[in-house]
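Structural features, examined
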Amino acid sequence: MLNRPPPELPRDDAEAARVARKVLRMEADALGAMADTLPEGFAEAAALIADTRGRVVVSGIGKSGHIARKIAATLASTGTPAFFLHPAEASHGDLGMVTADDTCLLLSNSGETHELRDLVMYARRFAIPIVALTGNAASTLAGQADVVLALPAAPEACAIGRAPTTSTTCALALGDALAVALMHRRGFGEETFHAFHPGGRLGAQFLRVGDIMHGPDKLPVVAEGTPMGDTLVEMSARGFGIVAVTRADGALCGVITDGDLRRNLDGLMERRAGDVATRSPLTVPADMLATEALGLMNRRKVGALFVTAEDGTLAGLIHIHDCLRAGVA
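Procedures and definitions
- Per chain, the residues get numbers from 1 upward, laid out in the order the sequence is written.
- Only residues with pLDDT of 70 or above have their local features reported here, since the model is predicted, and side-chain atom pairs are shown and tallied only from 80 upward, although totals for entire chains, interfaces and linings are computed over all residues.
- Only hydrogens and water are set aside when side-chain values are computed; all heavy atoms of the structure are taken into account.
- Going along the chain from the N terminus, every DSSP run of H or I of four or more residues is numbered as a helix, and every run of E of two or more is numbered as a strand.
- Here the radius of gyration uses the C-alpha set of atoms, whereas the globule reference equals 2.2 Å times the residue count to the power 0.38.
- Here the term buried applies to any residue with accessible area under 20% of the maximum for its type, exposed to any over 50%, and partly exposed to those in between, with areas from a 1.4 Å probe on protein chains only.
- Contacts are assigned to residue pairs with any non-hydrogen atoms lying within 4.5 Å of each other.
- Residue exposure ignores everything except the shown protein chains as possible cover, and the areas themselves are Shrake-Rupley values with a 1.4 Å probe.
- All tallies of charge rest on Lys and Arg as positive and Asp and Glu as negative; His and the ends of each chain are not included.
- The location of each charge is read from NZ of Lys, CZ of Arg, CG of Asp or CD of Glu.
- In protein, a polar contact means a hydrogen-donor-capable atom and an acceptor-capable atom, both N or O and within 3.5 Å, with residues adjacent in sequence counting only if both atoms are side-chain atoms; elsewhere, any N or O pair within 3.5 Å suffices.
- Working definition: a ring pair exists when centres of Phe, Tyr or Trp rings (six-membered ring for Trp) sit within 6.5 Å. Plane angles under 30 degrees give stacked, over 60 give edge-to-face, the rest tilted.
- For salt bridges, the criterion is a side-chain nitrogen of Lys or Arg within 4 Å of an Asp or Glu carboxyl oxygen.
- Put simply, a nonpolar core is a bunch of buried Ala, Val, Leu, Ile, Met, Phe, Trp, Tyr and Cys residues held in one set by side-chain atoms that sit within 4.5 Å of each other.
- Paired strands are those between which DSSP finds at least two bridges.
- Angular values range over 0 to 180 degrees, each being the angle between N-to-C directions of two axes fitted as lines to C-alpha atoms, with helices fitted over their stretch in contact.
- The criterion for a disulfide is a pair of cysteine sulfur atoms lying within 2.5 Å.
- A crossover gets the label right-handed when its path from the first strand over the helix to the second runs clockwise, viewed with the strands pointing away from the viewer.

Re the overall build of the protein
Helices and strands together make up the secondary structure of the protein, namely 15 helices and 12 strands. Scaling as 2.2 N^0.38, a compact globule of 329 residues should have a C-alpha radius of gyration of about 20 Å, whereas the protein reaches 30 Å, well beyond that. Taken along its principal axes, the extent of the C-alpha atoms in the protein is 90 × 60 × 45 Å. Across the 329 residues of the protein, 43% fall into the buried class. Here the analysis covers contacts within the protein between residues at least 6 apart in sequence; of these, 62% occur between residues at least 24 apart. Carbon and sulfur atoms make up 54% of the accessible area of the protein, which totals about 17800 Å². Computed over 31 positive and 38 negative side-chain charges, the inter-centroid distance for the protein is 4 Å.

Take a look at the structure:
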């Protein structure tokens, strides 16, 4: 029997757009209803999790399992230790991951998911708190839980009203709300966020100048009285297109750039570094965000900035290429 391609269905872009708007409005309405009437146990759940000495064990099966994984990841990345536990794996030995110091956050829209039974019984046996996130406040899961987060009674947005759409959107949003509420409760700030997100573009946005600058041993530096011939040698050897000019006490008093050289070509080699330098140069501290330093370089149209300590001594140099290599843009 020959394999024949399925018949092509008529294309109706307008109908697709109509359906999309309907789905988005239905889900948005459900989220709005949940925001207006927050689940009764929300504050209690946040307090319970905040006081947890161990970790939050998040579990669910099917679509609820996918949402549970994302909630666990969001909690963990925002300061609340958490992990996802597959309920089937839990029944085959992984219950050993759950300790008496933990709290269980269990997801089931119906509240009658039999795969969660062993995890629920284990939690009850060892007095491990349970927070149930469910669409059925009268369910078996809700009855076993210490705190119930009930989703709004909103229809699913699919064509047959069965596929998890509105319910999973609400569960995901409620998980986000819980994670952010816990962030505020813990005083979770940018420094900690960076520690948990060191990789990729997100991590790069939290890099400090001190993380990517060239240290003191790499800097092009000359004293005020250095002849310009020696200054050019130092400037060329380091390859930054800039040289720092310092006083006798080591404090930065000026810089010489390629632009300064062009402006002082007449009699350049008869001069000293202090005669050519631009005084009171723009500098940055090591604890400034690299993104801010890059913005400063762009606004001032310079390719590098010297980094100084509080006493004015040189601490390093940050070049625009360093920012680009680190993904700061």
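Additional details are given in the paragraphs that follow.
Structural notes on the environment of Met235
Inspection of the secondary structure assignment puts Met235 in helix α11 (residues 228–238). Look at Met235 and you get buried, because its relative accessible area is 6%. Placed 16 residues apart in sequence, Met235 and Leu219 show a C-alpha to C-alpha distance of 9.4 Å. Every residue in contact with Met235, bar those within four places of it in the chain, is listed here: Phe240, Gly241, Ile242, Val243, Ile256, Thr257, Asp258 and Leu261.

Observations concerning the side chain of Thr168
Examined against the element boundaries, Thr168 turns out to sit in helix α7 (residues 166–186). A distance of 3.4 Å separates the side chain of Thr168 from the backbone oxygen of Pro164, its partner in a polar contact. Not counting residues within four places of it along the chain, the set of residues in contact with Thr168 comprises Lys63 and Ile67.

Focus: the packing of aromatic side chains
Following the criterion strictly, the structure yields one aromatic pair and no others. On the basis of an interplanar angle of 50° and a centroid distance of 4.9 Å, the ring pair of Tyr122 and Phe126 is categorised as tilted.

What about the pattern of salt bridges?
Throughout the structure, instances matching the rule amount to 10 salt bridges. The residue Asp260 makes a salt bridge to Arg263 at a minimum N-O spacing of 2.8 Å. Of this pair, Asp260 and Arg263 both sit in helix α12 (residues 258–263), three residues apart, which is roughly one turn of the helix.

Details of the nonpolar core
Val58, Leu75, Leu105, Leu107 and Leu133 are the most contacted members of the largest nonpolar core, which has 29 residues in total. Counting residues per element, this core draws most heavily on α7, which supplies six residues. Residues within four places of Leu75 in sequence aside, it is in contact with Val56, Val58, Thr80, Ala82, Ala179 and Leu182. Val57, Leu85, Ala123 and Ile130 belong to the second-largest nonpolar core, a separate cluster that totals 18 residues.

Describing unusual backbone geometry
Positioned with a positive phi, Ala127 is a non-glycine residue whose angle comes to about 55°. Note that Ala127 resides in the loop between α5 (117–125) and β4 (130–134). One non-glycine residue, Lys301, adopts positive backbone phi at about 55°. Turning to its location among the elements, Lys301 is positioned in the loop between α14 (290–300) and β11 (304–308). On the basis of relative accessible area, Lys301 is assigned to the exposed category, the value being 74%.

A closer look at the sheet that holds strand β12 (residues 314–319)
Pairing is mixed across the open sheet formed by three strands, whose spatial order is β10-β11-β12. Pairing within the sheet leaves two strands with one partner each, and these edge strands are β10 (283–284) and β12. Bridging between β10 and β11 involves two bridges; their strand directions are parallel. Looking across to β11, one finds that Thr283 is bridged to Phe306. Along the sheet, α14 makes contact with β10, β11 and β12, crossing β11 at roughly 130°.

Examining the pairing of strand β5 (residues 147–150)
The two faces of β5 differ: Val147 and Leu149 on one face are buried, but Val148 and Ala150 on the other face are not. Here β4 runs beside β5; their pairing, made up of four bridges, is parallel. What sits directly across from Leu133, in β5, is Leu149.

As for the state of the cysteines
Scanning the model with the defined rule gives zero disulfides in all. Free cysteine: Cys158, not disulfide-bonded; nearest cysteine sulfur from Cys170 at 14 Å. When its relative accessible area of 19% is taken as the criterion, Cys158 is described as buried.

A short note on the pairing of strand β1 (residues 56–59)
Residues Val56 and Val58 point to one face of β1 and Val57 and Ser59 to the other, with burial holding for every one of them. Here β1 runs beside strand β2 (residues 82–84); their pairing, made up of three bridges, is parallel. Within β2, the position partnered with Val57 by the bridge is Phe83. The parallel pair β1 and β2 is bridged by helix α3 (residues 63–77), and the resulting crossover is right-handed.

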